[in-house]
Amino acid sequence: MRKTLAVAATLGLAGLAVIVPTSGAQAATACDNAWNSASSGYFYAYANDNCSGYLGSADGSDSNWGNDQGSFQGDDTNNAESILHKGSSGLAVQVFNGTGTDWAGGHTCIKKSELYMSSLNGFSFTSGYDVDNEISSHRWVANADCGKFLDS
């Protein structure tokens, strides 16, 4: 009788484990997957939330996402809804709502420790303009050179 009760209890617990997943078994988000498969040393931008709709990636700066030079080109400008930072240098990526090598205009930064922003909706540049669908250029900078971070 004891053996039967022990087997029934064990089967009952095993069945419960199938119904109620443990916290460590939760599925990874799309941006987690994108970050894990991204190349080290690169900054990525995506046309949609949740790191989907790949626009481009860069291991250097790009002063104009709308021209035909650099890692981002043409329709990439003002089209990013999520970004990912897999830099290896410890630098932040500073994104701008303007173009040009004077790096003027509104900006915000993503720190290496932030990994990614699955949605840029609700964030603004130092100029007050929305970041979502408004990034036109980027560069790698020291954290001290950032006037604003996306996590703040």
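The structure under discussion appears in the preceding block.
Residues numbered from 1 in each chain as written. Predicted model: local features only at pLDDT ≥ 70, side-chain atom pairs only at ≥ 80, totals over all residues. Heavy atoms only, no water.

Following the criterion strictly, the structure yields 2 disulfides and no others. Each disulfide pairs two cysteine sulfurs, and for Cys31 the partner residue is Cys51, the sulfurs being separated by 2.1 Å. Measuring the twist about the S-S bond at about 100°, one finds the Cys31-Cys51 disulfide to be right-handed. In this pair, Cys31 is assigned in helix α2 (residues 30–37) and Cys51 in the loop between β1 (42–48) and β2 (52–58), connecting sequence segments 20 residues apart. (Disulfide = S-S within 2.5 Å. Helix = DSSP H or I, 4+ residues; strand = E, 2+ residues; numbered from the N terminus.)

With 19 residues, the main nonpolar core has Phe43, Ile83 and Ile135 as its most contacted residues. Looking at this core, the elements with two or more residues in it are β1, β2 and β4 (92–96). Broken down by element, the residue count for this core peaks at 3 residues, all from β1. Apart from the residues lying within four places of it in its own chain, the contact partners of Phe43 are Gly56, Ser57, Ala58, Trp65, Phe72, Ile83, Leu84, Val93, Val95, His138 and Trp140. In this structure, Ala38, Tyr46, Cys51 and Tyr116 belong to the second largest nonpolar core, which totals 8 residues. (Core = buried A, V, L, I, M, F, W, Y, C linked by side-chain atoms within 4.5 Å. Buried < 20%, exposed > 50% of the residue type's maximum accessible area, 1.4 Å probe, protein only. Contact = heavy atoms within 4.5 Å.)

Glancing now at the pairing of strand β3 (residues 82–86). Looking along a regular strand, one sees side chains alternate from face to face of the sheet. For β3, a buried count of 5 out of 5 residues is recorded, marking the element as mostly surrounded by other parts of the structure. Across 5 bridges, β1 lies against β3 in antiparallel orientation. The residue of β3 that forms the bridge with Tyr46 is Ser82. Note that β3 and strand β6 (residues 116–117) share 2 bridges and pair antiparallel. (Pairing = 2+ DSSP bridges.)

The next point concerns the packing of aromatic side chains. This structure, assessed with the given rule, holds 8 aromatic pairs. For the pair Tyr42 and Tyr44, a centre-to-centre distance of 6.4 Å together with 50° between the ring planes defines the contact as tilted. Taking the relative accessible area as the measure of exposure, Tyr42 reaches 28% and is therefore partly exposed. By way of ring pairs, the aromatic residues Tyr42, Tyr44, Tyr46 and Tyr54 are connected into one cluster. (Phe/Tyr/Trp six-rings, centres within 6.5 Å; stacked < 30°, edge-to-face > 60°.)

The next point concerns the sheet that holds strand β5 (residues 107–110). If you walk across this open sheet you meet the 3 strands as β5-β4-β7, and the pairing is antiparallel. Both outer strands of the open sheet, β5 and β7 (137–141), are each paired with one neighbouring strand and no more. Recorded for the sheet is a direction-independent mean angle of 25° between the axes of neighbouring strands. (Axes fitted to C-alpha atoms, helices over the stretch in contact; angles between N-to-C directions.)

So, about the sheet that holds β1. Read across the sheet, 4 strands follow the order β2-β1-β3-β6 without closing on themselves; strand pairing throughout is antiparallel. Two strands in the sheet have a free side with no partner beyond their single neighbour: β2 and β6. Against the sheet, α2 touches β1, β3 and β6, its axis set at about 35° to β3.

Turning to unusual backbone geometry, a few remarks are in order. One non-glycine residue, Cys51, adopts positive backbone phi at about 55°. You can call Cys51 buried: its relative accessible area is 8%. Although it is not a glycine, Trp103 sits at a positive phi angle of roughly 50°. Along the chain, Trp103 turns up in the loop between β4 and β5.

Glancing now at the environment of Asn64. Note that Asn64 resides in the loop between β2 and β3. When the C-alpha atoms of Asn64 and Ser137 are compared, they prove to be 5.0 Å apart, with 73 residues separating the residues in sequence. If we skip the residues at most four places from it in the chain, Asn64 touches Gln69, Phe72, Thr99, Ser136 and Ser137. At 2.8 Å, the side chain of Asn64 forms a polar contact with the backbone nitrogen of Gly66. (Polar contact = N/O pair within 3.5 Å; in protein donor to acceptor, adjacent residues only side chain to side chain.)

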